[in-house]
Amino acid sequence: MQFLCEDLRQVGVVLTPSSPTQATLANISEKPIAEWALKCEIEWLDQQERGGGKQITGSVIPSLMLPFGMTDDWRARTTYWNAILPGSKRLVTCNPLKLTGDNRDVRQPTLQERWRGSTFAMEGGVEPADEWQRRVKSLRLTLDGVFFADGEFAGPNECQLWETVIYQAEVFQSVATAACKFYDAGMEPAAILAEVEKITGKHVQQPGPLHSRRKGTADEFRQDAKNSLASYLANRLEMEPDEIVSDLVGWADTVLPDYRRVS
């Protein structure tokens, strides 16, 4: 079986095969990797079979790329537990496509970075590697894009990680600015949320984010971001309207990363 890896070593992110279906991702740059997009393309011996997969981050609020409402302590914990620090490595498996490992391979967390609260993980049944491997003619594992913690982006961007992040940032910041304007005008919290809903629309259930379904246009990504924000607000309905509005108004002062693309 042929196994090919395509990485971004020109910016210091390397994929090295470590077994017929696994690779090691190493961050040899000087900056933490905040978000990434990986895709695994499979050529089967039986051409009737279908498979492969993508792993695309970048949709979580708050995060290093979308730091709305993120405190300094939260940022420190997120950088340690969710980013890939310089020198750190991850095991990438193709069945299923996932990353394993954390930054303890380079250093232990500081007191500020220590995780607080519980964790939960669940994984369904996975076909034994040797049985799965016998049906595969070739694998191509591609690192399609990375955002470094300072906002720099590199990669082919076939998975549209770049659009996923920047259009969410644009929409969330514009809605926060509008909420701040309504608040300064003396509107009641319930009325402000009603005006915000006019901007975002009501949440509509979608079969996954846009980038996982198909290629999207700028306007489609903006609409997807509005729907994402509508979902976020709907999930917080147990809070009082003035608490939600207070959070939105606070978002207006968020300092976003310096998003920029490099070749």
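Residues numbered from 1 in each chain as written. Predicted model: local features only at pLDDT ≥ 70, side-chain atom pairs only at ≥ 80, totals over all residues. Heavy atoms only, no water.

Asker: Is there a simple way to explain the overall build of the protein in this structure?
Answerer: A count of helices and strands for the protein gives seven helices and 10 strands. In summary, the protein has a C-alpha radius of gyration of 20 Å against a globular reference of 18 Å for 263 residues, a match within 12%. With respect to the three principal axes, the spread of C-alpha positions in the protein is 65 × 45 × 40 Å. Here the protein holds 263 residues, and 43% of them are scored as buried. Of the contacts formed within the protein by residues at least 6 apart in sequence, a portion of 67% connects residues at least 24 apart. (Helix = DSSP H or I, 4+ residues; strand = E, 2+ residues; numbered from the N terminus. Rg over C-alpha atoms; globule rule 2.2 N^0.38 Å. Buried < 20%, exposed > 50% of the residue type's maximum accessible area, 1.4 Å probe, protein only. Contact = heavy atoms within 4.5 Å.)

Asker: Mind showing me how you'd approach the sheet that holds strand β6 (residues 89-94) here?
Answerer: One open sheet holds the four strands; their spatial order is β2-β3-β6-β7, and the pairing between them is antiparallel. Each edge of the open sheet carries a strand with a single partner, namely β2 (13-19) and β7 (97-100). With strand direction ignored, the average angle separating the axes of adjacent strands in the sheet is 25°. Bridge analysis of strand β3 (residues 22-27) against β6 gives five bridges, and the strand direction is antiparallel. (Pairing = 2+ DSSP bridges. Axes fitted to C-alpha atoms, helices over the stretch in contact; angles between N-to-C directions.)

Asker: How should I be thinking about the packing of aromatic side chains in this particular structure?
Answerer: The geometry of two aromatic rings is summed up by the distance between their centres and the angle between their planes. Per the counting criterion, the structure on display carries 10 aromatic pairs. Note on Y80 and W81: the rings are 4.8 Å apart at their centroids and 80° apart in plane angle, and the pair reads as edge-to-face. Residue classification places Y80 among the buried positions, given a relative accessible area of 1%. Here the aromatic rings of F172 and W251 are separated by 5.8 Å at their centres, their planes lie at 15°, and the arrangement is stacked. In this pair, F172 sits in helix α3 (residues 161-184) while W251 sits in helix α7 (residues 241-251), placing the two residues 79 residues apart along the sequence. Taken individually, F172 and W251 each receive the classification buried, so the pair is uniform in this respect. A network of ring pairs unites the aromatic residues F68, F172, Y232 and W251 as a single cluster. The ring of F148 carries the charged tip of K31 above its face, separated from the ring centre by 4.9 Å. (Phe/Tyr/Trp six-rings, centres within 6.5 Å; stacked < 30°, edge-to-face > 60°. Lys NZ or Arg CZ within 6 Å of the ring centre and 35° of its normal.)

Asker: Please clarify how the side chain of N227 should be interpreted in this entry.
Answerer: Mapped onto the fold, N227 is located in helix α6 (residues 218-234). According to the relative accessible area criterion, N227 is buried, its value standing at 10%. A distance of 2.7 Å separates a polar atom in the side chain of N227 from the backbone nitrogen of V204. Apart from the residues lying within four places of it in its own chain, the contact partners of N227 are K202, H203, V204 and Q206. (Polar contact = N/O pair within 3.5 Å; in protein donor to acceptor, adjacent residues only side chain to side chain.)

Asker: What am I meant to see in the nonpolar core here?
Answerer: Note that soluble globular proteins tend to have their nonpolar side chains buried in a common cluster. With 40 residues, the main nonpolar core has F147, W251 and Y259 as its most contacted residues. Among the secondary structure elements, those contributing two or more residues to this core are β4 (33-44), α3, α4 (189-200), α6 and α7. Sequence-distant contacts of W251, that is, excluding residues within four places in its chain, are made with I61, F68, G69, F172, A176, L229 and Y232. In this structure, V11, C94, L99 and V136 belong to the second largest nonpolar core, which totals 26 residues. (Core = buried A, V, L, I, M, F, W, Y, C linked by side-chain atoms within 4.5 Å.)

Asker: Is there a simple way to think about the layout of surface pockets in this case?
Answerer: One simple way to see leftover space: roll a probe sized like a water molecule over the atoms. Taken as a whole, the largest pocket spans an internal volume of roughly 590 Å³. What lines the largest pocket is a set of 26 residues, among which W36, T57, W81, N82 and A83 lie closest to the centre. Those elements giving two or more residues to the lining of the largest pocket turn out to be β4, α1 (72-82) and β7. (1 Å grid on protein atoms, 1.4 Å probe; cavity = no way out; pocket = protein on both sides within 12 Å on 5 of 7 lines; lining within 4 Å. Points joined across faces, edges and corners; volume = space filled by probe spheres on them.)

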